[in-house]
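Given next are the chains, with one letter for each unit.
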Amino acid sequence: MHFCPHTACDYRGWLGMNNLRANGHPNGGPWRQFYCTSCHGFFPEHHGTIFRGKQVAVELIVRVLACLAEGLGIRATARVFEVAPNTVLHWLVEAAEQLTAFTSYFLCEVHVQQLQLDELYAVLSAVKDGEISEEEAILCLSRSPHWVWTAIDPQSKLLLAIAVGPRTRAMAQRFVHQVVQVLAPGCVPLFLTDGFKEYMTALLTHLGHWVHPARRQAKGPMPKPRWMPLPELLYAQVIKTTRRRHLVRVSHRVVFGTLEAVQQVLAACGWQINTAFVERLNLTIRQHVAAIGRRVSTLCKGEDGLRQQLALYHSYYNFCVLHGSVRQPLPQPVPTNGTGSAKQWRPCTPAMAAGLTDHVWSLKEVLLYRVPPWPQPQTV
Ligand SMILES: [Zn+2]
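About the criteria used
- Residues numbered from 1 in each chain as written.
- Predicted model: local features only at pLDDT ≥ 70, side-chain atom pairs only at ≥ 80, totals over all residues.
- Heavy atoms only, no water.
- Core = buried A, V, L, I, M, F, W, Y, C linked by side-chain atoms within 4.5 Å.
- Buried < 20%, exposed > 50% of the residue type's maximum accessible area, 1.4 Å probe, protein only.
- Contact = heavy atoms within 4.5 Å.
- Donors = N, O, S within 2.8 Å, 3.2 Å for Na, K, Ca; no water.
- Helix = DSSP H or I, 4+ residues; strand = E, 2+ residues; numbered from the N terminus.
- Axes fitted to C-alpha atoms, helices over the stretch in contact; angles between N-to-C directions.
- Parallel < 35°, antiparallel > 145°, perpendicular 65-115°, else oblique.
- Left-handed = near helix turned anticlockwise from the far one by under 90°.
- Nonpolar A, V, L, I, M, F, W, Y, C, P; charged D, E, K, R; others polar.
- Phe/Tyr/Trp six-rings, centres within 6.5 Å; stacked < 30°, edge-to-face > 60°.
- Salt bridge = Lys/Arg side-chain N within 4 Å of Asp/Glu carboxyl O.
- Pairing = 2+ DSSP bridges.
- Expected span 1.5 Å × (residues − 1).
- pLDDT = per-residue confidence, 0-100.

(A) Representation of the nonpolar core in the model. By size, the foremost hydrophobic cluster in this structure holds 70 residues, and its most contacted members are Leu-160 and Leu-367. Once residues within four sequence positions are removed from consideration, Leu-160 is found in contact with Leu-107, Val-110, Val-112, Leu-115, Ala-151, Asp-153, Val-182, Leu-183 and His-314.

(B) The arrangement of the coordination of the zinc ion in detail. The protein atoms that coordinate the zinc ion are Cys-4 (SG), Cys-9 (SG), Cys-36 (SG) and Cys-39 (SG), at distances of 2.2 to 2.3 Å. Read N to C, the donor residues that coordinate the zinc ion are spaced as C-x4-C-x26-C-x2-C. Here Cys-9, found in the segment before β1 (20-22), pairs with Cys-36, found in strand β2 (residues 33-36); they are 27 residues apart in sequence, far enough to count as distant. Here Cys-9 matches Cys-36 in class, with each residue buried.

(C) The arrangement of the packing of helix α2 (residues 74-81) against helix α3 (residues 85-106) in detail. Following both chains from N to C, one finds α2 and α3 inclined at 115°, their axes separated by 8 Å at the closest point. Taken together, the axes of α2 and α3 lie roughly perpendicular to each other. The handedness of the crossing between α2 and α3 comes out as right-handed. Of the residues in α3, those in contact with Ile-74, Arg-75, Thr-77 and Ala-78 of α2 are Pro-85, Val-88, Leu-89 and Leu-92. Class assignment of the residues belonging to the contact of α2 with α3 gives a composition of 6 nonpolar, 1 polar and 1 charged.

(D) Summary view of the environment of Phe-3. Structurally, Phe-3 can be placed in the segment before β1. Owing to a relative accessible area of 8%, Phe-3 belongs among the buried residues under this scheme. Ignoring sequence-local partners within four residues, the contact set of Phe-3 consists of Gly-13, Trp-14, Leu-15, Leu-20, Phe-43, Arg-370, Val-371, Pro-372 and Pro-373.

(E) Spatial organisation of the environment of Gly-186. Position of Gly-186 among the secondary structure elements: in the loop between α6 (169-182) and β7 (190-193). What makes Gly-186 exposed here is its relative accessible area of 72%. Sequence separation of Gly-186 and His-111 is 75 residues, and the distance between their C-alpha atoms is 9.3 Å.

(F) Spotlight on the packing of aromatic side chains. Taken as a whole, this structure holds 22 aromatic pairs when the rule is applied. With 5.3 Å between their ring centres and 75° between their planes, Trp-210 and Trp-227 make a pair best called edge-to-face. In this pair, Trp-210 sits in strand β8 (residues 208-211) while Trp-227 sits in strand β9 (residues 226-229), placing the two residues 17 residues apart along the sequence. A network of ring pairs unites the aromatic residues Phe-102, Tyr-105, Phe-106, Phe-319, Trp-361 and Tyr-369 as a single cluster.

(G) Expanded view of the pattern of salt bridges. For the coordinates displayed, the defined rule picks out 6 salt bridges. Measuring nitrogen to oxygen at the nearest pair gives 3.8 Å for the salt bridge that ties Arg-167 to Asp-194. Here the residue Arg-167 occupies a position in the loop between β6 (159-165) and α6, and Asp-194 occupies one in the loop between β7 and α7 (198-206), the gap between them amounting to 27 residues. Judged by its relative accessible area of 18%, Asp-194 falls in the buried class. In the salt-bridge network here, residues are joined through shared partners; they are Arg-169, Lys-197 and Glu-198.

(H) Region of interest: unusual backbone geometry. Look at Asn-27: it is not a glycine, yet its phi comes out positive at around 55°. Inspection of the secondary structure puts Asn-27 in the loop between β1 and β2. Not every positive phi belongs to a glycine, and Lys-157 is a case in point at roughly 65°. Looking at the secondary structure, you find Lys-157 in the loop between β5 (147-152) and β6.

(I) Representation of the sheet that holds β1 in the model. Taken in spatial order, the 3 strands make up an open sheet running β1-β2-β3, and their pairing is antiparallel. Unpaired on one side and paired on the other, β1 and β3 (42-44) mark the two borders of the sheet. Put simply, the sheet's adjacent strands are angled 30° from each other on average, direction ignored. In this sheet, β2 lies alongside β1 in antiparallel orientation, the contact comprising 3 bridges. For Arg-21, the partnering residue across the bridge sits in β2 and is Tyr-35.

(J) Looking closely at helix α1 (residues 58-69). With 12 residues, α1 extends 16 Å from end C-alpha to end C-alpha; this agrees with the ideal 16 Å at 1.5 Å per step. Looking at α1, one finds that the buried residues are Val-58, Ile-61, Val-62, Val-64, Leu-65, Cys-67, Leu-68 and Ala-69. Count one or two residues on from α1 and you reach Gly-71, which has phi positive near 110°.

(K) Highlighting the confidence of the model for the protein. With 83% of its residues at a pLDDT of 70 or more, the protein shows a mean pLDDT of 82. Across residues 295-303, where pLDDT falls below 50, the model places 27 contacts with residues more than four positions away in sequence or in other chains.

Given below as structure tokens:
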């Protein structure tokens, strides 16, 4: 999975062109070297990754980043590994750039049947957990309100997009734009959101088309064309009423499409718009976003660090974390050691469940992946 990085090379940026030869480990170092038979250039296997030019052990950097991905704050991570907080931040910033490229390389042309969009009030949840004081939270909020916006496919648990920003129409537009760009052309899933009203406009903007109404009378001017939702667009809002953190009522409102059509999509996975369904989905999301919520509180002084932690979390969650509720059948059942029945399933990551990759990635593997500068004819 390597490509020649030399700008003057005809094979630059292309995978699988058979132009590379492994050339051993120069000076007995940890990294292999490659030789390009086309341009006669050399490059090390960690070219363009965050490990280039670092004297620190790879394992340390990987573990520091894994700790951040698991939800520990920058300062706490720095204490655990006895590294300066600025060093941790520096590694995070570099890794985020690499991971953003990784995610956009693999997370494209996604096919999903459903999407659940959610915004979570991260700072307030941190207050509830007693991690920061209310005064601190108010200070953070007055600087920049932190909502974590997520879009998850409830079937594969794939996190299509994650962003942080205020709960405004502009942010809803920006977020839906981000989501739609990841979808395969022509893919119009069923959208489920909470009662936040700005989603309607954002979805209509991105998944609409011009409709030319038929003329009512034989004469007179043609009626003006109207921007209407795509006929296949289904959108339902699920409004939960909670009292003292207990769910008391769930109501729903179909905004685009019909209730029958919405129910048909949900029935395909044995779901309904009902209490159980909503709770189940939100639980999944909240469990995973809880970690982000904690990090928001530690990072509310600099929003940049937060965005980078989200980029880290985004690729880590989709590609590295096995998800209990998504699994794939094994081609052949694997016998177990004891008396139990043979293993029929293997757990998988959301990216595997969504068909974006065929294996569980380690964070080190993700960080070492040299993202090609453009899409390749066939990718694994
Ligand atoms: Zn070359």
